[in-house]
Amino acid sequence: MLKLARILAVAVTAILISIIGTIYAFIRFRHPSTVGIVARMYASMHKLVGLKVIYRPRPEFTQPAIYIANHQNNYDMLTIAGIVPPRTVTIGKKSLIWIPFFGLVYWATGNIFINREKRSSAISTMNKVGEIIRERQISIWMFPEGTRSRGRGLLPFKTGAFHTAIAAGVPIVPIVCSSLHNKVDLNRWDNGTVICESLEPIDASGYNRDNIKELIEKCHSIMAAKIADLDAEIAALDAKK
């Protein structure tokens, strides 16, 4: 019964947020900070599924960057989405626009679409992203794994985010969330705590196409280590209960 009630509550709330977010987005049509505002609306639903989320942003860092985050499952919208910085938009596949309610708000808030099925189109779009970053002084949020990990740990990174950072001449800022796999049981009142944290910016200026793998490995190593630290912190919190 609790699970059914939660599913219904999340579905209704998500639709309402999508409608309100779309109206707000049209008022500030495609303003880059709208993405973070609407993302935090969605993230507020973590309470409906019995999660507590601790956010550790880095508000003192305000320059354009490529934000890279670990992509775990559908609960990312209720957790890590709440830490999207101001003036930051995301890159998503074109098919997202066809999702009822969500697709319209995703477009209206100013996110960037790519056609992943056509490699030439995707590459062309990514090349333009660097220009967009410089011209509009915005940041880009990306999931470098390219797909949800679903309990398989931090998956290997694709190169798009790193090529974009190098082309735009901006740093990379990792953002990580503690492990969510098998954490949420919709029939359980309290599903514990997760931590989402923004890490130190990583300078990408010394890298190019020849040594980009070193940059990718560096970012992956830093994020994997931090996720392990956060998981240990969560385990210690749970042990105190």
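Quick caveat: nothing in here was measured; it's all calculated off a predicted structure.

1. Some words on the state of the cysteines
This structure, assessed with the given rule, holds zero disulfides. The thiol of C177 is not disulfide-bonded; the next cysteine sulfur, from C196, is found 3.4 Å away. Overall, the relative accessible area of 0% leaves C196 in the buried class.

2. As for the pairing of strand 7 (residues 193–198)
Among the six residues that make up strand 7, six are buried, leaving the element largely enclosed by the rest of the structure. Along strand 7, one buried face is formed by T193, I195 and E197 and the opposite face, lined by V194, C196 and S198, is buried too. One ladder, built from five bridges, connects strand 1 (residues 52–56) with strand 7; its direction is parallel. By the bridge assignment for strand 7, V53 is matched with V194. Taken together, the three bridges between strand 6 (residues 172–177) and strand 7 define a ladder with antiparallel strand orientation. Looking across to strand 7, one finds that I175 is bridged to S198.

3. Points about the packing of helix 5 (residues 160–168) against helix 6 (residues 212–240)
Helix-helix packing is characterised by the crossing angle of the two axes and by the distance between the axes. As a packed pair, helix 5 and helix 6 sit with axes 10 Å apart at the nearest point and diverge in direction by 115°. Classified by chirality, the crossing of helix 6 by helix 5 is right-handed. Contacts between helix 5 and helix 6 pair F162, H163 and I166 from the former with I212, L215, I216 and C219 from the latter. Tallied by class, the residues present in the contact of helix 5 with helix 6 amount to six nonpolar, one polar and no charged.

4. Some remarks on the side chain of N70
Note on placement: N70 falls in the loop between strand 2 (66–69) and strand 3 (88–93). Note on N70: relative accessible area 3%, which makes it buried. Within the structure, N70 has its side chain in polar contact with the backbone nitrogen of C177 (distance 3.0 Å). Not counting residues up to four positions away in its chain, the partners in contact with N70 are D76, I80, F143, E145, L154, I175, V176, C177, M223 and I227.

5. Comments concerning a nonpolar patch on the surface
Side chains of I15, I19, I23, I27 and F101 sit close together on the surface and give an oily, nonpolar patch of about 470 Å² of accessible area. Structurally, I19 can be placed in helix 1 (residues 2–27). Under the relative-accessibility criterion, I19 is labelled partly exposed at 38%.

Parameters and conventions
- Residues numbered from 1 in each chain as written.
- Predicted model: local features only at pLDDT ≥ 70, side-chain atom pairs only at ≥ 80, totals over all residues.
- Heavy atoms only, no water.
- Disulfide = S-S within 2.5 Å.
- Buried < 20%, exposed > 50% of the residue type's maximum accessible area, 1.4 Å probe, protein only.
- Helix = DSSP H or I, 4+ residues; strand = E, 2+ residues; numbered from the N terminus.
- Pairing = 2+ DSSP bridges.
- Axes fitted to C-alpha atoms, helices over the stretch in contact; angles between N-to-C directions.
- Left-handed = near helix turned anticlockwise from the far one by under 90°.
- Contact = heavy atoms within 4.5 Å.
- Nonpolar A, V, L, I, M, F, W, Y, C, P; charged D, E, K, R; others polar.
- Polar contact = N/O pair within 3.5 Å; in protein donor to acceptor, adjacent residues only side chain to side chain.
- Patch = residues over 30% accessible without salt bridge, like charges linked within 9 Å, V, L, I, M, F, W, Y side chains within 5 Å.
- Areas by Shrake-Rupley, 256 points an atom, 1.4 Å probe, with all protein chains shown as cover.
- Salt bridge = Lys/Arg side-chain N within 4 Å of Asp/Glu carboxyl O.

All we've got here are geometric facts, nothing functional implied.
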